[in-house]
Amino acid sequence: MDMDVIDMLRQRFSQTGMNRRIILWHDPDGEQNLADLEDALSSLGVRVWEWTRQNALRTKYQVEVADPDTPYLIYARFPRPDAQDDWLLDIRLYGEEFVADPVAIRLETLGISHAAAREFVTAHYPFFRSQERVGKVARLMPERPDLEHLILATLAAATGAEFADRLFIARRVLSGGIEEEANEAYQALVKWGLEAVFWEHMRSAFGFPQEVSSLRDLFYGIARSHLAQGVDAPLPAWDAPVSRMPNACRIFLDEALRSRDGAAFDALLRRFSVDLGVSSWLSQLSCESLLRCDTVPETHEHILRTLGEQLTHEVADADRWRNWLRDRQDTHGYEAWRPVYEALGFALELQEEKRAFERVAPPGDAKAWFEAYASRWFGVDQLYRRFSTTAAAVDRPGWETLFGLKARWDNWYSHVFLPRWGDWTDQLLRDGWAASWPIAEVKQQRHFFTQYVANHLARERVFVIISDALRYEAGAELADRLKRRMPGEVHLEAMQASLPTYTRLGMASLLPGRTLSIEDSGAVLRDGLPTDSLEARGGILSAHADGALALRWSDFESLPVQEGEERIRGKRLIYFYHDAIDAIGDQARSESRAFAAVDQAIDELEAAVRKLVRSYRAVRVIVTADHGFLYQTTSVEAWAKPDRVTGQVYDGNRRFALGRRLSTPPGSIPVSLSYLGLDVEAVVAAHIHRFTGHGGLRFVHGGALPQEAIVPVVVCHQTRSQAGRQLPLVDVSLVNRSRVVTTYEFTAILFQEQKLGEDRQPRHLRIGLYLDGQRISNEVTRSFHLQGGPADREVRVPLQLFERDYPLGAMAVLRLEDVSGPETQLYREYDIELRIASWI
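Residues numbered from 1 in each chain as written. Predicted model: local features only at pLDDT ≥ 70, side-chain atom pairs only at ≥ 80, totals over all residues. Heavy atoms only, no water.

**Details of the sheet that holds strand β26 (residues 794–800)**
The strands making up a sheet associate through hydrogen bonds between their backbones, and the pairing can be parallel or antiparallel.
Now for step 1: Here 3 strands make up an open sheet; going across it, the order is β20-β22-β26 and the pairing antiparallel. Of all the strands in the sheet, just β20 (732–734) and β26 have a single pairing partner and so form its edges. The mean angle between the axes of side-by-side strands here comes to 30°, regardless of whether they run parallel or antiparallel.
Now for step 2: Pairing of strand β22 (residues 745–752) with β26, which is carried by 7 bridges, proceeds in the antiparallel orientation. Across the sheet, F746 pairs through a bridge with L799, a residue of β26. (Pairing = 2+ DSSP bridges. Helix = DSSP H or I, 4+ residues; strand = E, 2+ residues; numbered from the N terminus. Axes fitted to C-alpha atoms, helices over the stretch in contact; angles between N-to-C directions.)

Here it is, written out as structure tokens:
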């Protein structure tokens, strides 16, 4: 027995409002078993009575006289008679009729009774025969559905779409490919005879002509419209239909590419590009005409190759390209090309710095030398490192332009930038600096404890992190990150390292004490105490600050916070020792990974500061280094490899030697260590030379160049109220003078009110236009993390509206939703007036 029939009858007899129900059911097929009907309805007190052509009077007597109070289901195995022949007409008039044809049952289940709906269900009854499929359709429809709801819900249920929406149905079908025979969702439409209805809705949704009736034409038409809106040039006469609703096509494809079906649509776009020859056509266009285009990945390649070629010939307009590269960050496919974009972006900045550096005059004295590097020219080292690491991450065959740039910048850095600093440094040393190394009015490494630590111990606990070989440019990047992401104050200062710039002397100089001395073994003593081991350094710290501790950061970082708290409980001063750069660079077999080690060190140090502040309530954290380093990715040529220093050498490496009766081969400079109170001799390599000997050649330190001898001091200070507080996000506001939309495109001009670094974090916004709570445009996500002046902090966000008729003067809402955190929150809304002429 059909359970739908039973459920409907039970529902009828269960309705309240009547003491007794009499329902007449004419079933010409006569397939029902009365005993089964009795069993199903007996719990409701209903009696089932069969009306035959011979018992009409008896039926009337039974219901009205013999048993006037019992509910009855009067079942007849013949059609309803005409009124003049209907013996039970009076009962029919005060009773109810039940129609149990399959279509009626399905319509009642779906909660819809329109005549057109009956026609649709009848026409596609094979689909609606399944109770499971009917249930899917019902779940996809609203509470009071109309015919359109029924049709879309049917298409969605047949194809497996998540929602009864034309765009979701199109996405579900097209994600299966444009070969119709192999597309399961499309074949389901064919199986149930729904393909004609599907095409009617697809043509309406995307504005295509009647001829469009294949998945190939549907997708190619959508892709063509998307491309046409992104390219500032007329498209060729391709074999693809033209839409009269290009915004609908663009919005659909943008959202499909961002969905979990994105890979499938990427594959379709690659096929579209190959079939129509899009790539060769794009290669003929200028970059300016492609800046908004992200339909096919070839767009990224064409733009990047153009920039690469301009950089190769040093003709790239930096201001224009900076804006273009920033705008491209929000295009589809950017992530796949990110290493190339970033590498060329750094190369663009290097081009500008190169032009400026080649015009700069030599520094007049040691202080000018120090300030010139610490205030600006460290940026070249930083840009070159970042360019090198991002270029190394590019894994795309055929990118000879980028590889040619890499060789070009390697050559300029190794043969122009570093040698010029070598020339300037040598000249200053020979002019007297070698005899008196410390620069007046510049912080000295040997006074670090007195200048940065001692005065704060009475008021607060101080954490010091000493990162081996963290040179100044890396410290500057670390400080910049901390300023953007941490509450409190972050200061970067430059400090002149002890010369020679090597680990033993640098580490000893950072400890408290009055004197330094060097034994014949090369061991450096502070106030006569050894400094080489962690335990020895901890002993010196404890002697100068009650409750001091020296730890390896890697050991401490691995402890659970509770154990870490116990380890440092009662300690006013903790020195942490961190070694990520020197451990890699100082080994010949691994020195080629030196720049990658710098990136790793910056990441680890940022995480270390954040952990100390958040988990250990640190108020003052200081990050510094024992020395910097020189590094070149190219091989060191023979002219830069003088003979090693001979004599009684206590300690040394490729860039220095300490001892007595030392030789000074060509390419070296003797320096006095009297400024440290030492009576030993020292010789440093001149220029960018490396003494012959064992060990690596490309990563070196020990000499006097600023990359080795200027080290960072990053001071992070949290007030009590700031400890544990999250930095607020930048504010963003709409600054359009006109807030009236007259076409189907509206460009929102959004202003980032504070620049990043002013105790503010980036804000990430999702932007879209809404009318009566329904989205009427595409959604765009933008990151606001700009650091320039006010003119540089405006972001233009183009929005495409769906093509439809909007009431003239209707007030839409520009909604800015904050997606910076784990939960989406409404940030701001702005009223936008719609004054768009009819699109038909």
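**Considerations on the pattern of salt bridges**
Now for step 1: Within the structure shown, the criterion is met by 59 salt bridges.
Now for step 2: For D217, the salt bridge is made with R216, and the minimal N-O distance between the two is 3.3 Å.
Now for step 3: Here D532 makes a salt bridge to R504, at a shortest N to O gap of 3.1 Å. In this pair, D532 sits in the loop between β9 (529–530) and α25 (534–544) while R504 sits in helix α24 (residues 503–509), placing the two residues 28 residues apart along the sequence. (Salt bridge = Lys/Arg side-chain N within 4 Å of Asp/Glu carboxyl O.)

**Some words on the pairing of strand β15 (residues 656–660)**
Now for step 1: Among the 5 residues in β15, 4 count as buried, and that is most of the element.
Now for step 2: Bridging between strand β14 (residues 648–653) and β15 involves 5 bridges; their strand directions are antiparallel. Directly across from V649, in β15, lies its bridge partner G659.
Now for step 3: Remark: 2 residues form the turn of the hairpin made by β14 and β15, two consecutive strands paired antiparallel.
Now for step 4: Pairing analysis gives 4 bridges linking β15 to strand β17 (residues 681–685), with the strands arranged antiparallel. (Buried < 20%, exposed > 50% of the residue type's maximum accessible area, 1.4 Å probe, protein only.)

**A look at empty space enclosed by the protein**
Now for step 1: This structure, assessed with the given rule, holds 1 cavity of 30 Å³ or more.
Now for step 2: Of the volumes computed, that of the largest cavity is approximately 50 Å³.
Now for step 3: Together, S414, H415, Q632, S635, V636, E637, W639, A640 and I688 line the largest cavity.
Now for step 4: Class assignment for the residues of the lining of the largest cavity results in 4 nonpolar, 4 polar and 1 charged. (1 Å grid on protein atoms, 1.4 Å probe; cavity = no way out; pocket = protein on both sides within 12 Å on 5 of 7 lines; lining within 4 Å. Points joined across faces, edges and corners; volume = space filled by probe spheres on them. Nonpolar A, V, L, I, M, F, W, Y, C, P; charged D, E, K, R; others polar.)

**Section: unusual backbone geometry**
Now for step 1: Here L499 and P500 are connected by a cis peptide whose omega angle stands at 5°.
Now for step 2: Positionally, P500 belongs in the loop between β6 (489–496) and α24.
Now for step 3: In this structure, E314 is a non-glycine residue whose phi angle is positive, near 55°.
Now for step 4: Owing to a relative accessible area of 21%, E314 belongs among the partly exposed residues under this scheme.
Now for step 5: Residues other than glycine seldom take positive phi values, yet D527 does so here, at roughly 50°.
Now for step 6: Here D527 lies in the loop between β8 (524–526) and β9.
Now for step 7: A residue is classified by how much of its surface remains accessible, and D527, at 31% relative accessible area, is partly exposed.

**Some words on the nonpolar core**
Now for step 1: Membership of the largest hydrophobic core comes to 252 residues, with the highest contact counts inside it found for F206, F219, V453, L573 and Y575.
Now for step 2: When residues no more than four places from it in sequence are discounted, the contact partners of L573 are F449, V453, L457, R461, V462, V464, L541, A545, G547, A548 and L549. (Core = buried A, V, L, I, M, F, W, Y, C linked by side-chain atoms within 4.5 Å. Contact = heavy atoms within 4.5 Å.)

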